[in-house]
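Structural characterization, general
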Amino acid sequence: MKAFFFDQDGILYNSMPKHARAWAEVMQRHGFNFTEEDCFMNEGRTGQDVIREAIWELEHREATEEEIWEIYDEKGEAFIRQGEVEPIEGVIDVLRFLKKNKKEIWVVTGSAQASLLDNLNTRIGPFFDRSRMITAFDVTHGKPDPEPYLMAWDRCKQPKKECCVIENAPLGVRAGKAAGLFTIAVNTGPLADAALWNEGADLVFPSMKELLEWLRGSCIV
Ligand code: CA
């Protein structure tokens with residue numbers, strides 16, 4: 001493996017509980033029946049897609065770009081009000097290990113949250129390069145479509161079999177597998193492991209610690 005494609009929320013940042021609370025608060029304020037659990041079920045999609053779908057389901061109409069961004073900005077503010085997010089426990093050791101072994105570290109995320117995207121190097125560590133990031137701003141079709149991972153693969157110029165996806169969400173695993181990439185799931189959230197295996201994850205680990213132990217002992221690094 002030469003290149004590792006890291007999802008952001010739930011893999012790099014321990015941000016999902018705060019995202020879930022922010023989504024539920026803002027969506028319910030706008031009249032949508034949207035719970036914290038719905039947030040975990042939708043994890044991986046861009047926020048814009050989540051809002052588009054909610055408006056379609058409630059009002060059977062296409063959302064305008066303006067209202068999508070209005071709700072998304074409110075959600076972003078609700079998220080920031082909940083305070084700083086920490087890195088996922090153990091992820092810094094994984095990143096340090098890969099960097100030491102000269103692996104490319106990419107970020108492939110449906111996020112458009114500037115407070116997270118712009119602070120990876122200060123909040124997590126000096127592992128990230130803007131030219132190796134695919135975000136909600138880059139893609140036409142977000143996860144579970146394979147486009148974000150295919151874009152990372154295309155830009156990194158490595159063979160597919162030398163690229164590895166690290167994901168925590170079922171729809172993210174689906175995107176990685178649909179892109180034809182080896183996909184490791186680290187189950188940092190409340191869903192059962194089966195939700196990740198069912199999407200075709202090649203491996204499922206309960207935490208970054210177990211992933212690091214496996215990477216150290218495996219022949220892929
Ligand atoms: Ca995630």
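Residues numbered from 1 in each chain as written. Predicted model: local features only at pLDDT ≥ 70, side-chain atom pairs only at ≥ 80, totals over all residues. Heavy atoms only, no water.

Another point: the environment of Asp154. Positionally, Asp154 belongs in helix α8 (residues 147–156). Placed 133 residues apart in sequence, Asp154 and Arg21 show a C-alpha to C-alpha distance of 35 Å. (Helix = DSSP H or I, 4+ residues; strand = E, 2+ residues; numbered from the N terminus.)

Another aspect to go through is the domain arrangement of the protein. Splitting the protein by domain gives domain 1 (3–14 + 85–217) and domain 2 (16–80). The interface is formed by 22 residues belonging to domain 1 together with 20 residues belonging to domain 2. The junction of domain 1 with domain 2 conceals about 1500 Å² of combined surface from both sides, 61% of it contributed by carbon and sulfur atoms. The largest contributions to the domain 1 side of the interface with domain 2 come from Gln113, Leu171 and Leu191, which together make up 28% of the buried area. The interface formed by domain 1 and domain 2 includes zero salt bridges. For the side of domain 1 that touches domain 2, the secondary structure elements donating two or more residues are α6 (114–117) and α9 (170–178). For the side of domain 1 that touches domain 2, the per-class residue count stands at ten nonpolar, nine polar and three charged. (Domains from an automatic or database assignment. Contact = heavy atoms within 4.5 Å. Buried area = accessible area lost by both parts, 1.4 Å probe. Salt bridge = Lys/Arg side-chain N within 4 Å of Asp/Glu carboxyl O. Nonpolar A, V, L, I, M, F, W, Y, C, P; charged D, E, K, R; others polar.)

Moving on to helix α3 (residues 47–59). In this model, α3 (13 residues) spans 18 Å end to end at C-alpha, consistent with the 18 Å of a helix rising 1.5 Å per residue. Within α3 the residues assigned to the buried category are Gly47, Gln48, Val50, Ile51, Ala54 and Ile55. What you see down the axis of α3 is that its buried residues fit within an arc of 160°, all on one side. Positioned one or two residues after α3, His60 has a phi angle of 50°, which is positive. (Expected span 1.5 Å × (residues − 1). Buried < 20%, exposed > 50% of the residue type's maximum accessible area, 1.4 Å probe, protein only. Arc of directions from axis to C-beta.)

Take the coordination of the calcium ion next. Note on the calcium ion: its protein donors are Asp7 (OD), Asp9 (O), Glu43 (OE) and Asn168 (OD1). The metal-donor distances range over 2.1 to 2.3 Å. One chain supplies every donor for the calcium ion, spaced along it as D-x1-D-x33-E-x124-N. In this pair, Asp9 is assigned in the loop between β1 (3–6) and α1 (16–29) and Asn168 in the loop between β4 (163–167) and α9, connecting sequence segments 159 residues apart. We classify Asp9 as buried; its relative accessible area is 8%. (Donors = N, O, S within 2.8 Å, 3.2 Å for Na, K, Ca; no water.)

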